[in-house]
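# Structural characterization, general
Chain by chain, the residues run as shown.
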Amino acid sequence: MRTHSLANGFGIQIEDVDLAAALDDETFNAIRTLWMEHRVAIFPNQNLDDDQLVAFTERFGPLFVHAQSSLLTTYKRKEVMELSNLDGVPRPVNYELDWHTDQTYTPQPVFGTILYGIVAPQEGGQTLFCDLAGAYASLPDSLRRRVEGVNAVYSAEPRPKVRETPLTEEEKARILDCTHPLIRTHPYLKRKAIYLSPLHIKTIGDLSADDSFALMQALTDHATQADHVYRHTWSIGDLVMWDNTSIMHSRTPMPADQKRYLKRTGFYLPDDLAVPF
């Protein structure tokens with residue numbers, strides 16, 4: 001197993017490991033440690049079927065199923081989401097997606113997310129990762145004083161027209177707003193990070209919606225400086241996983257003639273560590 005760093009103190013590429021194989025405990029534990037320390041891990045040249053992808057994912061924790069069940073109706077296995085704009089798919093995914101952290105609007109958000117590349121575009125469709133632990137460490141005092149010890153309300157639909165795929169009425173009744181600390185502590189490493197999700201934050205502390213949005217924008221501007229961002233250009237066989245306690249991500253748009261097909265899985269923390277603190 002060979003490794004090399006990808007970005008300023010976060011992100012690591014791990015080579016010469018076959019994730020389709022049954023990894024021994026020593027190898028798996030080394031991968032888990034590298035991933036948590038670096039927040040984003042890239043494994044190139046993988047070849048996994050759905051069962052192998054799920055088996056690798058499940059080594060890390062209980063399997064994630066997306067809270068927005070309307071996104072899963074066309075898929076063969078509920079633990080595997082398909083993000084595709086191939087011809088004939090009923091819900092093509094070819095649009096830009098703003099910065100967000102997965103499932104912040106749930107009581108026990110998903111710990112890790114995995115994307116596996118099957119078809120890669122020649123142009124566009126990149127995934128950008130923002131290091132929220134590094135962004136916390138470099139917070140100017142003026143911002144730090146405003147966010148330490150403060151909670152935020154996270155919502156699946158914090159503002160009108162914020163989602164490309166709006167919630168159904170059933171989902172609106174089931175997926176209720178959640179309150180979490182705006183500065184989150186990693187459950188194993190005790191590392192702090194800004195728990196930032198511009199697509200999901202509704203209000204911060206006792207601020208009004210407008211003032212919350214302004215503070216969120218200031219945090220986003222700070223966090224998304226070049227020093228805190230890794231831009232991933234997809235190749236076929238790439239498997240990318242990230243730690244949602246410390247990373248937010250976004251997607252760039254694609255030209256109409258470009259095709260992209262990824263599979264997504266995820267995993268939770270154990271119940272005693274699953275609620276953000």
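What this report covers is the structure whose coordinates are included nearby.

Calculation rules
Numbering of residues begins from 1 in every chain and follows the order in which that chain's sequence is written. Only residues with pLDDT of at least 70 get local features here, since the model is predicted, and only at 80 or more are side-chain atom pairs given and counted; chain-wide, interface and lining totals rely on the full set of residues. As a rule here, side-chain values cover all heavy atoms of the structure and leave hydrogens and water aside. Only strands joined by at least two bridges in the DSSP assignment are considered to pair. Under the DSSP-based scheme used, a helix requires at least four consecutive residues in state H or I and a strand at least two consecutive residues in state E, with every element numbered from the N terminus. Here an angle of 0 to 180 degrees is reported between the N-to-C directions of two axes, which are lines fitted to C-alpha atoms, with helices fitted over the stretch in contact. Throughout this description, the term salt bridge denotes a Lys or Arg side-chain nitrogen within 4 Å of a carboxyl oxygen of Asp or Glu.

Moving on, we get to the sheet that holds strand E9 (residues 178–181). Judged by pairing direction, the sheet is antiparallel, and its three strands sit side by side in the order E9-E8-E12 without closing on themselves. With partners counted over all chains shown, the strands left at the sheet margins are E9 and strand E12 (201–204), one partner each. Pairs of neighbouring strands in the sheet enclose a mean axial angle of 30 degrees, with direction left out of account. Pairing analysis gives four bridges linking strand E8 (residues 151–154) to E9, with the strands arranged antiparallel. Bridge pairing in E9 links Ala152 to His180.

In total, this model carries 11 salt bridges according to the counting rule given. Asp131 serves as the salt-bridge partner of Arg39, at 2.8 Å between the closest nitrogen and oxygen. Residue Arg39 is found in the loop between helix H1 (25–38) and strand E3 (40–43), and its partner Asp131 is found in strand E7 (residues 127–131); the two are separated by 92 residues along the sequence. One salt bridge in this structure joins Lys263 and Asp50, with 2.6 Å as the shortest N-O distance. With Lys263 in strand E16 (residues 261–267) and Asp50 in helix H2 (residues 50–58), the pair connects residues that are 213 residues apart, well separated along the chain.

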